[in-house]
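Single-letter residue listing:
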Amino acid sequence: MPNIKEQLYSLCITYVQNRMQAAEDAFRAAEQASNDDTKSSAGDKYETGRAMMQQEKDRNTIQLNEAGKLMVTLNLIGTKNTADVAETGSLVITDNGRFYLAISAGTLVVDGVSYFAVSAASPIGMKLKGLKVGNGFELNGKGYKIIQII
């Protein structure tokens, strides 16, 4: 049975792969729509449609590149290491939530328990980094105390 950090890491990988697949699918759909659009007597309409499809392809390319960056970040994270201080790859249990310092992937559920995958560059990630068990911090008027770091 994989440890909790391995399971969270795997869910983050799946999250990024799904984002990449969605961006690739949308890019191909926009490309196909652009290729299928034949020039009609309304030349301006044709050119506008092609420009819109190009913008859509550009947006999807950016999304694909961003997902690629997330994958690079994940590739730098270990799942076996433990530390005395919260750092990238740590699972930080607080009195107000469980945070996996990796990438911003939202809520991940493992065995019915919710964890928040957050980037170390996010506001809460920056607050968590470098803290130890027993340390506390405040974010948006809410207090947090670190109970455990895995």
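Quick note: structure is the one above.
## Focus: the sheet that holds strand S6 (residues 142-149)
So, step 1. As summarised here, the arrangement of the six strands in space is S3-S4-S2-S1-S6-S5, forming an open sheet in which the pairing is mixed. Edge positions in the sheet fall to strand S3 (106-110) and strand S5 (136-139), since each of these pairs with one other strand and no more. Taken pair by pair, the neighbouring strands of this sheet meet at an average axis angle of 40°, ignoring direction.
So, step 2. Judged from the five bridges that link them, S3 and strand S4 (residues 113-119) form a sheet pairing that is antiparallel. Each bridged residue has a counterpart across the sheet, and for Gly106 the counterpart in S4 is Ala117.
So, step 3. Across the face of the sheet, helix H1 (residues 4-36) comes into contact with strand S1 (91-94), strand S2 (97-102), S3 and S4 while running at roughly 130° to S3.

## A short note on the pattern of salt bridges
So, step 1. According to the stated counting rule, one finds four salt bridges in the structure shown.
So, step 2. The partner of Asp25 in a salt bridge is Arg28, and the shortest N-O contact between them spans 2.8 Å. In this pair, Asp25 and Arg28 are both assigned in helix H1, three residues apart and thus about one turn of the helix distant.
So, step 3. Look at Asp25 and you get partly exposed, because its relative accessible area is 38%.

## Considering the nonpolar core
So, step 1. Leu8, Cys12, Val16, Leu74, Tyr100 and Ile103 are the most contacted members of the largest nonpolar core, which has 20 residues in total.
So, step 2. Tallying contributions element by element places H1 first for this core, with five residues.
So, step 3. Setting aside its immediate chain neighbours within four residues, Val16 contacts Ala67, Leu70, Met71, Leu74 and Ile103.
So, step 4. In terms of nonpolar packing, the next biggest core, distinct from the first, is built from 13 residues, Val92, Leu131, Leu139 and Ile146 among them.

## So, the environment of Gly49
So, step 1. Tracing the sequence through the fold places Gly49 in helix H2 (residues 43-75).
So, step 2. With relative accessibility at 18%, the residue Gly49 sits in the buried group.
So, step 3. The spacing of Gly49 and Met20 is 29 residues in sequence and 25 Å in space, taken between C-alpha atoms.

## Some points on H1
So, step 1. The first and last C-alpha atoms of H1 sit 48 Å apart over 33 residues, in line with the 48 Å expected at 1.5 Å per residue.
So, step 2. Listed in full, the buried residues belonging to H1 are Lys5, Glu6, Gln7, Leu8, Tyr9, Cys12, Ile13, Val16, Ala23, Ala30 and Ser34.
So, step 3. The opening residue of H1 is Asn3, an N-cap whose side-chain oxygen sits 2.9 Å from the backbone nitrogen of Lys5.

## Describing the environment of Ala105
So, step 1. As for its placement among the helices and strands, Ala105 is situated in the loop between S2 and S3.
So, step 2. Among the residues examined, Ala105 registers a relative accessible area of 10% and is labelled buried.
So, step 3. Taking C-alpha positions, Ala105 is 11 Å from Ala67, a pair spaced 38 residues apart along the chain.
So, step 4. Not counting chain neighbours up to four residues away, the residues in contact with Ala105 comprise Cys12, Tyr15 and Ala117.

Cut-offs applied
- Residues numbered from 1 in each chain as written.
- Predicted model: local features only at pLDDT ≥ 70, side-chain atom pairs only at ≥ 80, totals over all residues.
- Heavy atoms only, no water.
- Pairing = 2+ DSSP bridges.
- Helix = DSSP H or I, 4+ residues; strand = E, 2+ residues; numbered from the N terminus.
- Axes fitted to C-alpha atoms, helices over the stretch in contact; angles between N-to-C directions.
- Contact = heavy atoms within 4.5 Å.
- Salt bridge = Lys/Arg side-chain N within 4 Å of Asp/Glu carboxyl O.
- Buried < 20%, exposed > 50% of the residue type's maximum accessible area, 1.4 Å probe, protein only.
- Core = buried A, V, L, I, M, F, W, Y, C linked by side-chain atoms within 4.5 Å.
- Expected span 1.5 Å × (residues − 1).
- Polar contact = N/O pair within 3.5 Å; in protein donor to acceptor, adjacent residues only side chain to side chain.

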